[in-house]
Structure formats: structure tokens, C-alpha cells
Amino acid sequence: MAQTDEQPAAPRSDAAPHGHGLRLDRWDPDSPDHAEAWLRGRTDLEFLRWNTPLQPDIDLGGARAALLRQQDQAATGGCAPYRIADAESGDTLGHIGINMIDRVSRTARVGYWVLPEARGRRVATHALALAARLTFTGLGLHRLELGHALGHEASCRIARTCGFPYEGTLRGAMFEAGRPHAFRDAHLHARLASDPEPPLG
């Protein structure tokens, strides 16, 4: 496939994506509440069962440093991280990020996590729907990928519900839980800008 070296500029919007009782806001590294929520999310046992961060967050200082690094990466256009917030109370419910943004091929990869108290409320499903809409209409990208460790049935179900069909199994594509020198297989899902947006109810 022919590509050019020219990278189209990303459309920008200051309006926070919202809907389904949620709002996707920016993380604030200077907010103690945001740092505390980030630390709880990234040290949660269920999160660590399916993810192996290269730079684990072990205290509030590390969480704030992670948010600052994320902010710097977002400023260069490489990612678009969002705090999943309750639209009414503003409470943090989790995180969703549009990552590995490639303006030339117009692709990206999405990842998310939800705090324990927010699970069972379709928060991840609705946040993924909002992030997909932002990817295609706000960022002007063409393809959004979602990968998860083999066996993570909840992520598989959420992906399919949000219009990300299963495309295949990637061998040895993710770290084993807590073992950055061992690998496990992953499912690949993806959605295109031309795919219909599924009704979520």
C-alpha cells in the first residue's frame, strides 16, 4: 500500500466526549484525586491479571509521574488519554486511551481499565463507544484496533458489543501477567470508520 510522508493534521476539539452517563475528561497530574484513582486502577489485581505495565506505579508520586509522561505524549499527538468520569458527579470510573496513533496510515489502538467499584455498570462498553466515535469523527482516523489477552472473555464481549469483530489470534503478542520476559497470545479486534455504529441501548 502506497503511503506518503505527509502527516495530516489532527482535528482538535475542546469539548469532552460524553454520553451514556459518562464523560471522557483529561487527567490532571496536579490533582491528588486523579493520582489516587490512577494508582488504584493500575495496582488493582484484576488489572494486573491481564496487563503487565513496563513501568509499574507503586505510589502516588509514581502515579503523578505516569500522568505527566502521558500528558507529554498526548501533546505530541501520539496518544489521546482520557479519564472516564461519571457525567453527573465527576467521579473517576476508569481510563481509556487511544494509543499508537499513526497519522499516515490513520490507525490507532485502544486500551482501557475500569475501577472495581465501577464494574458491572457497562462503563467500559459505553466508554469504548465514545472513544470509537471520537477516533473516527474527531481524530479522522480509519482503523481502531483492540487487543486483549487470550481468555479475557469480558474484553472480548465488550469489543464485539461495540462493533469490533474478532480478526484473529496473535501468537506471543502480550506479556504474561507480571512476567515481562514471558509471552502469551492475544485476540485482535478492530473497527473501521466505515463500519456501522452498533446500537447499545
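Computed from a predicted model, the values in this text were never measured in an experiment.

How each quantity is defined
Residues numbered from 1 in each chain as written. Predicted model: local features only at pLDDT ≥ 70, side-chain atom pairs only at ≥ 80, totals over all residues. Heavy atoms only, no water. Pairing = 2+ DSSP bridges. Helix = DSSP H or I, 4+ residues; strand = E, 2+ residues; numbered from the N terminus. Contact = heavy atoms within 4.5 Å. Axes fitted to C-alpha atoms, helices over the stretch in contact; angles between N-to-C directions. pLDDT = per-residue confidence, 0-100.

Across the sheet, which stays open at both edges, the eight strands sit in the order β1-β2-β3-β4-β5-β6-β8-β7 with mixed pairing between neighbours. Of all strands in the sheet, those bounded by a partner on one side alone are β1 (18–19) and β7 (166–176). In terms of strand pairing, strand β6 (residues 143–149) meets strand β8 (residues 179–192) through seven bridges, oriented antiparallel. Looking at the pairing, leucine 144 lines up with arginine 191 of β8. The sheet contacts of helix α1 (residues 32–43) involve β3 (80–86), β4 (92–102) and β5 (107–114), and relative to β5 the element is tilted by about 90°.

What follows deals with the confidence of the model for the protein chain. Averaged over all residues, the pLDDT of the protein chain is 91; the fraction at 70 or higher stands at 92%. The weakest mean pLDDT in the protein chain belongs to β1 at 91; the strongest belongs to β5 at 98. In the predicted structure, residues 1–13 sits below a pLDDT of 50 and forms ten contacts with residues beyond four places in sequence or in another chain.

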